[in-house]
Amino acid sequence: MRLYYLGPKGTFSYLASQKFISENEIEYSAKTNLHEVIKAVSSNDQSVGIVPIENSIEGTINIVADSLAQQQIYAHGEIHLDINFALYGNGTDSLKDIKKVYSIAPAISQTTNYIHQHHFLYDYTDSTIQSLDKIDKGIGAIAPLGSGETYGYQPIDKHIQDYPHNVTRFLIVKNHTHFDKNANTTMFLITPQYDKPGLLASVLNTFALFNINLSWIESRPLKTQLGMYRFFVQADTPVTHDINKVITILETLDFKVKLIGSFNKEQ
């Protein structure tokens, strides 16, 4: 069994993977971007992937949501990870010496206030750990707190994220639908076959009819024409008779419904 994650070692995806299963129990395989993680999982029956689906500050990770719709991957679990960032430098620079910082786009977004407060220029890398390669005189890296030390760097400043309660939810994805029979939450992709008034209301009202709570709902463009969207829904219930009724009603209302995940929700 192989585990794919957005690498290299030390990224938040790596830390989330460690929460799921240790490197002693499974072969870790780092990929350079999320597209490659998803591609690897979809083509390998004996694999699992750890991918971020949403952040409490930035919202949904669109590439992963779209992949649940377009690729052969399904959600089999979730991991919640506290997000703490640090600023790393070359070992001699102090905070006042830093003029520019590098990191992955979501990390830049989640430390925007800090960046502007210190008047830093900034640019992007493919991963937070890759930003460490950019460190030089006057140039810093924004990376997960604790990760820079693995590569010989010490933080100039810690806990620099804009919001203290910053959490990312990761999905455990596989390329099959052999879900845990004891799962307590389900994820659906709900696609309208044509545009009409009240599409989203129809979805919400159908779940409400059976008193089913929705803990995540997201719309994404169908990519066929402007104004057409599909809906991602996470229902806090296992696949029950009521869920089957919901699916039947939605199909009667001209929605296509696809089960894209079933697992035990992390509390």
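Since we're looking at a predicted model, the values are computed, not measured. (Residues numbered from 1 in each chain as written. Predicted model: local features only at pLDDT ≥ 70, side-chain atom pairs only at ≥ 80, totals over all residues. Heavy atoms only, no water.)

So, the pairing of strand β11 (residues 167-174)
So, point 1. Summarising burial for β11: 6 of the 8 residues are buried, a large majority.
So, point 2. As defined by bridge partners, strand β5 (residues 74-82) adjoins β11 across 8 bridges and the pair is classed as antiparallel. Its bridge partner being in β11, isoleucine 79 is matched across the sheet by phenylalanine 170. (Buried < 20%, exposed > 50% of the residue type's maximum accessible area, 1.4 Å probe, protein only. Helix = DSSP H or I, 4+ residues; strand = E, 2+ residues; numbered from the N terminus. Pairing = 2+ DSSP bridges.)

Observations concerning helix α2 (residues 34-42)
So, point 1. Every buried residue belonging to α2 is among Leu34, Val37, Ile38, Ala40, Val41 and Ser42, and all of these are buried.
So, point 2. Buried residues in α2 make contact with β1 (2-6), β2 (27-31), β3 (47-55), α3 (62-70) and β11.
So, point 3. Backbone nitrogen of histidine 35 and a side-chain oxygen of the N-cap are separated by 3.2 Å at the start of α2; the cap is asparagine 33. (Contact = heavy atoms within 4.5 Å. Polar contact = N/O pair within 3.5 Å; in protein donor to acceptor, adjacent residues only side chain to side chain.)

Considering the packing of helix α6 (residues 199-209) against helix α7 (residues 241-252)
So, point 1. At a minimum axis separation of 10 Å, α6 and α7 run at an interaxial angle of 150°. Taken together, the axes of α6 and α7 are roughly antiparallel relative to one another. Considering how the two elements wind past one another, α6 and α7 form a crossing that is right-handed. Of the residues in α7, those in contact with Ser202, Val203, Thr206, Phe207 and Leu209 of α6 are Ile243, Val246, Ile249 and Leu250.
So, point 2. Looking at the contact of α6 with α7 residue by residue, the classes come out as 7 nonpolar, 2 polar and no charged. (Axes fitted to C-alpha atoms, helices over the stretch in contact; angles between N-to-C directions. Parallel < 35°, antiparallel > 145°, perpendicular 65-115°, else oblique. Left-handed = near helix turned anticlockwise from the far one by under 90°. Nonpolar A, V, L, I, M, F, W, Y, C, P; charged D, E, K, R; others polar.)

Concerning the UniProt feature "domain: Prephenate dehydratase" (unreviewed entry) in the chain
So, point 1. Here the UniProt feature "domain: Prephenate dehydratase" (unreviewed entry) sits at residues 2-175.
So, point 2. The span residues 2-175 is 22% helix and 34% strand, and its two end C-alpha atoms sit 13 Å from each other. (UniProt positions renumbered as here; feature names shortened; annotations may be inferred.)

Observations concerning a nonpolar patch on the surface
So, point 1. A surface patch of nonpolar side chains, amounting to about 210 Å² of accessible area, comprises Leu200, Leu204 and Ile217.
So, point 2. Relative to the elements of secondary structure, isoleucine 217 occurs in strand β13 (residues 214-221).
So, point 3. Relative accessible area serves as the criterion here: at 35%, isoleucine 217 is assigned to the partly exposed category. (Patch = residues over 30% accessible without salt bridge, like charges linked within 9 Å, V, L, I, M, F, W, Y side chains within 5 Å. Areas by Shrake-Rupley, 256 points an atom, 1.4 Å probe, with all protein chains shown as cover. Salt bridge = Lys/Arg side-chain N within 4 Å of Asp/Glu carboxyl O.)

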